[in-house]
Amino acid sequence: MKMKKWGVLAVAGALTASLALFGCSTTTAEEGAGDEATEASYTLVNEGKFTVGVSPDFPPFENLVDGEYVGFDIELSKAIAEELGLEVEFKTLQFDGIPAAVAAGGQVDVGITGLTITPDRQETVDFSDPYYIADQSVAVMKGGEITADNVDDLLNTEGMVIAVQSGSTGEAYAQENYSNATAQAYGNATDCFAAMQSGQADAVCMDKAVVEQMLAEAYTDAEVVKQVATGEEYAVAVSKDNPELLAAINEAIATLTEDGTIEDLTAQFLG
Ligand code: GLN
């Protein structure tokens, strides 16, 4: 009798417990479904992955060191991916092809590669809120005829060659401001400095922080003769067909701004 009574109580208890569990798991499932609905509202080239198009020859923003992607944009990409609950995957592309690759879709979800917001690019891709403000600068080999005092006159003459990264704002700056010179486009940043060092180019025009890093790391025989406060805004390029992804990235950038992550990355890589 006693046993039976306990038995009934135990069953009742188990039933209550399982109802409670059931109630609990229903709530969780609903929340889960909600999350899935949010994720499913944007498209990804690979499920569960945040595939980032990058040109890793632009330190301190992106570079390859011993086969590893490193730099400000790399850490930012990882942090955004984490906010989105996705795994980050980097895909190396030549810089000037990245906006088109983002626009075309299929290869990468976004471009995070020191990309300045420009009206031209905005015709083909959407940009997130900016995460960094950049300037331009002009570098030459030390001891040459071009100096900080004469750079604007001397560089703007026929026969002068300015090495620039193909499709970059540095290329546009050189073409607009040194229109008598030749802006010679190279696929990546290192090639621009190599061309100048070997005498094929008289100057390099490129984003200031990158020029400074290149000079400090590898081209100590070059110097900066001009800095221009272009106030360019770096942002994440997203396909115009993926507005929900853009919104989610903006939300992530807002969080990473508020919690100090972006400030910490700036201090770490650009301090
Ligand atoms: N910020 C420049 C641009 O957007 C250069 C970027 C780069 O070369 N990675 O054109």
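Preceding this section is the structure that the text describes.
Notes on the structure follow. (Residues numbered from 1 in each chain as written. Predicted model: local features only at pLDDT ≥ 70, side-chain atom pairs only at ≥ 80, totals over all residues. Heavy atoms only, no water.)

What to know about the site of the ligand
Note the following rule: When at least one non-hydrogen atom of a residue lies within 4 Å of a molecule or strand, that residue is treated as near it. Whenever two N or O atoms come within 3.5 Å, that pair is a polar contact, provided that in protein one can donate a hydrogen and the other can accept it, and provided that, for residues adjacent in sequence, both atoms are side-chain atoms. Surface accessibility follows the Shrake-Rupley procedure with a 1.4 Å probe radius. Residue values consider only the protein chains on display as shielding.
Taken together, 13 residues are adjacent to the ligand, and Gly114, Arg121, Gln165, Thr169 and Asp207 come closest. Taking Gly114, its main chain carries an N or O atom lying 2.8 Å from a nitrogen atom of the ligand. Within the side chain of Asp207, a nitrogen or oxygen atom sits 2.6 Å from a nitrogen atom of the ligand. When the ligand is considered free in solution it has 300 Å² of accessible area, and contact with the protein chains removes 100% of it.

Considering the nonpolar core
Test applied: By nonpolar core we mean a set of buried residues, namely Ala, Val, Leu, Ile, Met, Phe, Trp, Tyr and Cys, connected to one another through side-chain atoms within 4.5 Å. Think of it in three bands: with a 1.4 Å probe and only protein chains considered, a residue is buried below 20% of the maximum accessible area for its type, exposed above 50%, and partly exposed in between. The contact criterion used throughout is that any non-hydrogen atoms of two residues lie within 4.5 Å.
In this structure, Phe50, Ile80 and Ile249 are the most contacted members of the largest nonpolar core, which totals 52 residues. Residue contacts for Phe50: discarding those within four places in its chain leaves Ser77, Ile80, Ala81, Leu84, Leu86, Glu87, Val88, Glu89, Asp109, Val110, Ile112 and Ile249. Core analysis: the next-biggest nonpolar cluster, separate from the first, contains 16 residues, Leu155, Tyr173, Ala174 and Val225 among them.

Brief notes about the pairing of strand β10 (residues 182–186)
Where a strand is regular, its side chains alternate between the two sheet faces. Let me state the cut-off plainly: Pairing between two strands is assigned when DSSP locates at least 2 bridges connecting them. Helix and strand assignments follow DSSP, with helices taken as H or I runs no shorter than four residues and strands as E runs no shorter than two, numbered in order from the N terminus. Classification remark: right-handed applies to a crossover when, strands pointing away from the viewer, the course from the first strand over the helix to the second runs clockwise.
Across 5 bridges, strand β9 (residues 161–165) lies against β10 in parallel orientation. When the bridges of β10 are listed, Ile162 appears paired with Ala183. The handedness of the β9 to β10 crossover, carried by helix α6 (residues 169–177), is right-handed.

Some details on the side chain of Glu232
Heads up, the condition is: In this tally, Asp and Glu contribute negative charge and Lys and Arg positive charge; neither His nor the terminal groups of the chain are included. Here a salt bridge means any side-chain nitrogen of Lys or Arg lying within 4 Å of a carboxyl oxygen belonging to Asp or Glu.
Residue position: Glu232 is located in strand β12 (residues 222–234). Among buried Asp, Glu, Lys and Arg side chains, Glu232 stands out as unpaired, with Arg121 the closest opposite charge at 6.5 Å. At 2.8 Å, the side chain of Glu232 forms a polar contact with the side chain of Gln136. With sequence-adjacent residues up to four places away left out, Glu232 is seen in contact with Thr116, Tyr132, Ile133, Ala134, Gln136, Thr169 and Asp207.

Brief notes about the packing of helix α2 (residues 72–84) against helix α10 (residues 261–270)
Rules: Comment: axis = line fitted to C-alpha atoms, over the contacting stretch for helices; angle = value between 0 and 180 degrees taken between N-to-C directions. In this scheme, roughly parallel covers angles under 35 degrees and roughly antiparallel covers those over 145, while 65 to 115 is roughly perpendicular and the rest are oblique. By convention, the crossing between two helices is left-handed when the near helix turns anticlockwise from the far helix through less than a right angle, and right-handed when the turn is clockwise. As a working rule, the residues Ala, Val, Leu, Ile, Met, Phe, Trp, Tyr, Cys and Pro are called nonpolar, Asp, Glu, Lys and Arg charged, and the rest polar, with Gly in that last group.
For the pair α2 and α10, the least separation of the axes is 10 Å and the interaxial angle reads 160 degrees. Viewed along their axes, α2 and α10 adopt a mutual orientation that is roughly antiparallel. For α2 against α10, the interelement crossing comes out right-handed. For the pair α2 and α10, contact is made by Phe72, Glu75, Leu76 and Ala79 and by Thr261, Ile262, Leu265, Thr266, Phe269 and Leu270, respectively. Split by residue class, the contact of α2 with α10 holds 7 nonpolar, 2 polar and 1 charged.

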